[in-house]
Amino acid sequence: MKIAVFAGDGIGPEVTTQAVRVLQALDLPGMELAYGDVGGMAYYKHGHPLPEATLETARACDAILFGAVGDFSCDHLERHLRPEQAILGLRAALSLFANLRPATTFPGLEHMSALRPEIAREIDLLIVRELNGDVYFGEKGIRTLDDGRRQGWDMMSYADDEVRRIAHVAFRAAQGRKGRLCSVDKANVLETFQLWRDVVIEVSSEYPDVALEHMYVDNAAMQLVRAPGAFDVVVTGNMFGDILSDQASMCVGSIGLLASASLGERQTEFGTFGLYEPIHGSAPDIAGQGKANPMATILSAAMMLRHSFGREAEAARIEAAVATTLRDGILGGDLGGTYGCEAVGQAVCERL
Ligand code: IPM
Ligand code: MG
């Protein structure tokens, strides 16, 4: 079980340390860790946010545990040298096109939601976000028009095969859950998402057991706060998925609680090769203070055991330990508590 650990910037190192600690507490046979540099720290050390050596480490492993990237001191750099290029580069280079972002309210934490507790209680959804296409990876630039105005532009596109493969992932996920899939698009305005909708409908004929509905993204943003319990699986493009998953995190209570798995087609000895990361960023404002909530990264490690190593039992054990820790009131500052990063990690290990 070879795991690449890329901690990155800001709170990345703190939260990954706790997730590694939880993995080690399971005492799994044959677990090996390989560390690598990513993000702003990699830029300062090697002159690039995603050094070739890091990519090689990633390719030599079965899974990647990723912390966070982002550093304001890099804002002036050319785009290809900015910290974010590390995660975007890994997603692209390793063809990790399917991003699973579950959002479920933890019992006892309903009052932390930005929504009323009786609404928050119902949340149990999975966002399936396409991760290799959309406006994120189109041509882009800042150009000067003939009349002297500067114009920023980013090309948005999806090819049918890109939509088809993420649709299959989402339909299969819905089959394993409550059998409902909501495809979120903007087909009323964007051609990219008209094609998206057409292809999702084509694919749906192969999944008669899944109830498919379509929703415009603005409406989806509204429904996510009005009645989030009505969603089961949501499938959407890269950009809308980025936005809706942050929104979903505050419906659950904190962005420090949401994990993610980024999967492609490559199979390893035990499952699917994947990258696992919290959905939050590097949080430079609290970095190095030991205050960050490691739960999202710990839950990402659980997803890793499930998807890349076929260890469902251990994944469920971690998730149960996290739920118990939260129920016991061992909470970080993001959840109104006073426990630090290490104390939360320690509490999860004890409950394992
Ligand atoms: C995320 C993040 C990234 C994204 C950034 C860091 C590039 O916000 O994983 O949601 O936009 O995908
Ligand atoms: Mg995001």
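Above this text you will find the structure in question.
This structure is a prediction, so every number in the text was calculated from the model and none was measured.

Draft legend 1. Focus on the packing of helix α8 (residues 217-226) against helix α9 (residues 238-252). Direction vectors running N to C along α8 and α9 enclose 10°, while the axes themselves pass 10 Å from each other. Classified by the interaxial angle, the pair formed by α8 and α9 is roughly parallel. For the pair α8 and α9, contact is made by V217, A220, A221, L224 and V225 and by F240, L244, Q247, A248 and C251, respectively. Counted by class, the contact of α8 with α9 contains 9 nonpolar, 1 polar and no charged residues.

Draft legend 2. Quick peek at the site of ligand 1. Close to ligand 1 lie E84, R91, R101, R129, Y136 and D242, which account for all nearby residues. The contact in question runs from an oxygen atom of ligand 1 to an N or O atom on the side chain of Y136, over 2.5 Å. Per-class residue counts for the shell around ligand 1 are 1 nonpolar, no polar and 5 charged.

Draft legend 3. Representation of the pattern of salt bridges within the structure. Across all of its chains, the model carries 18 salt bridges by this definition. Its salt-bridge partner being D124, residue R177 comes within 3.5 Å of it at the nearest N-O pair. Linking R177 in the loop between α6 (160-175) and β8 (180-185) with D124 in strand β5 (residues 124-130), this pair joins segments that are 53 residues apart in sequence. Its salt-bridge partner being E319, residue R306 comes within 2.9 Å of it at the nearest N-O pair. With R306 in helix α10 (residues 295-307) and E319 in helix α11 (residues 312-327), this residue pair connects regions lying 13 residues apart in the sequence.

Draft legend 4. Here's a closer look at the side chain of T57. When you line up the elements, T57 lands in helix α3 (residues 52-60). Leaving out residues up to four positions away in the same chain, T57 has contacts with A4, F6, A34 and Y35.

About the cut-offs
Residues numbered from 1 in each chain as written. Chains lettered and ligands numbered in written order. Predicted model: local features only at pLDDT ≥ 70, side-chain atom pairs only at ≥ 80, totals over all residues. Heavy atoms only, no water. Axes fitted to C-alpha atoms, helices over the stretch in contact; angles between N-to-C directions. Helix = DSSP H or I, 4+ residues; strand = E, 2+ residues; numbered from the N terminus. Parallel < 35°, antiparallel > 145°, perpendicular 65-115°, else oblique. Contact = heavy atoms within 4.5 Å. Nonpolar A, V, L, I, M, F, W, Y, C, P; charged D, E, K, R; others polar. Near = heavy atom within 4 Å. Polar contact = N/O pair within 3.5 Å; in protein donor to acceptor, adjacent residues only side chain to side chain. Salt bridge = Lys/Arg side-chain N within 4 Å of Asp/Glu carboxyl O.

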